[in-house]
Amino acid sequence: MIARLKAKPLLAGQLVSALVFTALAVGQAAPVAADGAAAMLRAILFGDAIASAAMLAALFAFWTCLRLWRQRDAWIFHDGARLYRGGALSWPLALVRDVVIDRGELGIVSLRLVVDDDSEVTRELVKLYLLADRPEVVRDAVMFAAARAGGVAVSASVH
């Protein structure tokens, strides 16, 4: 395990998205509450298209925060040959060249991976506001793992 995620922002995201979904569903169902449960369900599923799209977005946000929360204790890890981010993405450790801190298009600072695969694009590892560990520690751990796997020779300091 190289990096963990903070639990509080993920739990807050789950709570906010659940509240948004509930508020939208109640707003859709309340006008037809006197007509019975079937009418309320139809109003939630087939009511206002914008509200239905917002409910789907809230469900997606809840699912994303829940998935991240379940993987929070081992978000960035390696097995000696590959570096994994959350279990879905992975890169060969031998191709890892650097880990940098970069500001994205929206101004959100994240820890990004530089991989030597003839691509000019860096890969996002984690947004800094979600990172439970210090960025320097995570960078040193990734670079140490890459050096042991035969990648770039980098001296990693242990404090």
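Residues numbered from 1 in each chain as written. Predicted model: local features only at pLDDT ≥ 70, side-chain atom pairs only at ≥ 80, totals over all residues. Heavy atoms only, no water.

A word on the pattern of salt bridges
Now for step 1: According to the stated counting rule, one finds seven salt bridges in the structure shown.
Now for step 2: Across the pair Asp-133 and Arg-4 runs a salt bridge, and its minimum N-O distance is 2.8 Å. Taken together, the positions of Asp-133 in the loop between strand 6 (123–127) and helix 4 (135–148) and Arg-4 in the segment before helix 1 (7–29) put the pair 129 residues apart, joining distant regions of the chain.
Now for step 3: Here Asp-133 falls in the buried class, since its relative accessible area comes to 16%.
Now for step 4: Among the residues examined, Arg-4 registers a relative accessible area of 34% and is labelled partly exposed. (Salt bridge = Lys/Arg side-chain N within 4 Å of Asp/Glu carboxyl O. Helix = DSSP H or I, 4+ residues; strand = E, 2+ residues; numbered from the N terminus. Buried < 20%, exposed > 50% of the residue type's maximum accessible area, 1.4 Å probe, protein only.)

Observations regarding the sheet that holds strand 5 (residues 109–115)
Two modes of strand pairing occur in sheets, parallel and antiparallel, and in both the strands are linked by backbone hydrogen bonds.
Now for step 1: An order of 4-5-6 is seen for the three strands of this open sheet, with the pairing classed as antiparallel. Only two strands of the sheet have a single partner each, and these edge strands are strand 4 (96–103) and strand 6. This sheet shows a mean twist of 30° between the axes of neighbouring strands, independent of strand direction.
Now for step 2: Two elements, strand 4 and strand 5, share seven bridges in a ladder whose sense is antiparallel. Pairing of Asp-102 across the sheet is with Ser-110, part of strand 5. (Pairing = 2+ DSSP bridges. Axes fitted to C-alpha atoms, helices over the stretch in contact; angles between N-to-C directions.)

Brief notes about the nonpolar core
Now for step 1: If you look at the biggest cluster of nonpolar residues, it comprises 24 residues, and the most contacted ones within it are Ile-76, Leu-83, Leu-113, Val-126, Val-138 and Val-142.
Now for step 2: Those elements that place two or more of their residues in this core are strand 4, strand 5, strand 6 and helix 4.
Now for step 3: Excluding residues within four positions of it along the chain, Val-142 makes contact with Ile-2, Leu-83, Val-96, Val-99 and Leu-113. (Core = buried A, V, L, I, M, F, W, Y, C linked by side-chain atoms within 4.5 Å. Contact = heavy atoms within 4.5 Å.)

Comments concerning a nonpolar patch on the surface
Now for step 1: Together, Leu-41, Leu-45 and Phe-46 make up an exposed nonpolar region whose accessible area comes to about 360 Å².
Now for step 2: Judged by relative accessible area, Phe-46 falls into the exposed class, the value being 66%. (Patch = residues over 30% accessible without salt bridge, like charges linked within 9 Å, V, L, I, M, F, W, Y side chains within 5 Å. Areas by Shrake-Rupley, 256 points an atom, 1.4 Å probe, with all protein chains shown as cover.)

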